[in-house]
Amino acid sequence: MPLTVLTDPKFQLKGHTYWVRSVCFSPDGELIATACADKNLRMFNAAGSEVYKVAHPDWVWCVAFSYTAKRQRVATSCLDGRVRLLEASTGREIVQMKDHSSTVNAVCFSSDGSMLLSGSYDKTAKIFSVADGKCMATIGGHSVPVLAVAFLGDTHVVSCSATGELLVSDLKGSTVHSLQAHTGPILSACVSPDGTLLATGGQDKMAQVWRVGGDKKVTRLQTCKHAEQVNSVLFASDGLLMATAAADGHVRVYEAGREWEELARLKGHADEATALSFHNKGSRVLLASASDDKTAAVWDISGTAVALRVAKARALKEGGGAKKEEEEEDDERRRRETGGEGRGAEEDRRVARGVADRPVRAALGRQRHRSTERAR
């Protein structure tokens, strides 16, 4: 597919007075939250108008949403070392998690919204209960700050450090797998919707894609090189796309799963692109990007997503047609080789592959014998 270059976003989220470090769509797409170094969480509606803002005592580093049948929450991480859980519709603070002793760099919810995972400069990652804000477990296997975290299904978590080390741990905090994933700090981590892929972005200018095994061991699958450090990496909710945000200000959108081809490049920021958030609704795909240029932007990349679906459908159809044509040619060739005797296509393929069972072989033999007798 040809590369699409976009320079004009659908709209911008304005009003920030310093770096925008994180952006996140609510699950229903009706709200967009930003975390800013001007010490504010800002909440915008789907049209880009500010709904409210919540002041923090220091830089707000990360923001995440969780909607369940019982509650709609937003979480923030802050330079003051605290994680705050807020009511999404109003910004009312519900609880503070005070267990970290230094800056909290990253925060994310489990898929069911019952747990919250954080990574901190205090060299730990922590798992909290959303119901009461209590710390359930601490991942303490790092010797340097933890810069990125992600839930790996319902049973494990990923934590990534400033040395490029990646740990996979269970929900009790015990490390089950570790590897040197990057040659420098890992700045972002994201798991695909089906849990089979893990993507990481680093200061080494690489986005790495890892295959997740049944034992939660990860093995490298793909490397996407960039011109500058990769600040954020994210899968779309349907798993078809992966996006990266880099220090060159560009957002890159890739086909996820096979060729990892770059499909689109978004060039609307005047400084580093720092964070990403997808919102998929039917054929409509929006991508929000945050930047150190004091803005966040919302891009409509529906055209790219639709073109990818059409290309995949065409390839599947053509591939299926080619396979059928090849099988028919094989059938005809084998018929000619056997003098036109009428073995069925399926029986032919089974015999040719050496997988036909004895009754089938015997039946074919009896059929040829009767044909010869009739010819006489």
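Residues numbered from 1 in each chain as written. Predicted model: local features only at pLDDT ≥ 70, side-chain atom pairs only at ≥ 80, totals over all residues. Heavy atoms only, no water.

### Details of the overall build of the protein
Here's step 1: Summing up its helical and strand segments, the protein has three helices and 29 strands in all.
Here's step 2: Residues counted as buried form 51% of the 376 residues belonging to the protein.
Here's step 3: Across the protein, contacts joining residues at least 24 apart in sequence account for 41% of those joining residues at least 6 apart.
Here's step 4: Working note: accessible area of the protein is about 17,200 Å², and carbon and sulfur atoms make up 47% of it. (Helix = DSSP H or I, 4+ residues; strand = E, 2+ residues; numbered from the N terminus. Buried < 20%, exposed > 50% of the residue type's maximum accessible area, 1.4 Å probe, protein only. Contact = heavy atoms within 4.5 Å. Areas by Shrake-Rupley, 256 points an atom, 1.4 Å probe, with all protein chains shown as cover.)

### Some details on the sheet that holds strand E29 (residues 296-300)
Within a sheet, each strand pairs with its neighbour through backbone hydrogen bonds, oriented either parallel or antiparallel.
Here's step 1: Read from one edge of the open sheet, four strands run E2-E29-E28-E27, paired in antiparallel fashion. Since the sheet does not close on itself, it has two edges, and those belong to strand E2 (11-13) and strand E27 (273-281), each with one partner. For this sheet the average axis-to-axis angle between neighbouring strands, irrespective of direction, equals 20°.
Here's step 2: Across three bridges, E2 lies against E29 in antiparallel orientation. Residue pairing in the sheet places Leu13 in a bridge with Ala296 of E29. (Pairing = 2+ DSSP bridges. Axes fitted to C-alpha atoms, helices over the stretch in contact; angles between N-to-C directions.)

### Examining the nonpolar core
Side chains of nonpolar character tend, in soluble globular proteins, to be buried together.
Here's step 1: Ranked by internal contacts, the top residues of the largest apolar core, which has 33 residues, are Phe235, Leu241, Met242, Phe278, Leu287 and Ile301.
Here's step 2: Every residue in contact with Met242, bar those within four places of it in the chain, is listed here: Ala199, Val209, Cys224, Val233, Leu234, Phe235, Arg252, Val253, Tyr254, Ala256 and Trp260. (Core = buried A, V, L, I, M, F, W, Y, C linked by side-chain atoms within 4.5 Å.)

### Regarding the pattern of salt bridges
Here's step 1: Evaluated as defined, the whole model comprises 10 salt bridges.
Here's step 2: Put simply, Glu93 and Arg84 hold a salt bridge, and the shortest N to O gap is 3.9 Å.
Here's step 3: For Glu93, a relative accessible area of 39% puts it in the partly exposed group.
Here's step 4: In this structure Arg84 comes out as buried when scored by relative accessible area, which is 6%.
Here's step 5: Between Arg252 and Asp248 there is a salt bridge whose closest N-O contact spans 2.8 Å.
Here's step 6: By sharing partners, the salt bridges in this structure join Asp38, Arg42 and Glu50 into a single network. (Salt bridge = Lys/Arg side-chain N within 4 Å of Asp/Glu carboxyl O.)

### Quick notes on the sheet that holds strand E20 (residues 197-202)
Here's step 1: One open sheet holds the four strands; their spatial order is E19-E20-E21-E22, and the pairing between them is antiparallel. The open sheet is flanked by strand E19 (186-191) and strand E22 (218-225), the only strands paired with a single partner. Strand-to-strand twist in this sheet, taken as the mean axis angle between neighbours without regard to direction, amounts to 20°.
Here's step 2: As defined by bridge partners, E20 adjoins strand E21 (residues 206-212) across five bridges and the pair is classed as antiparallel.

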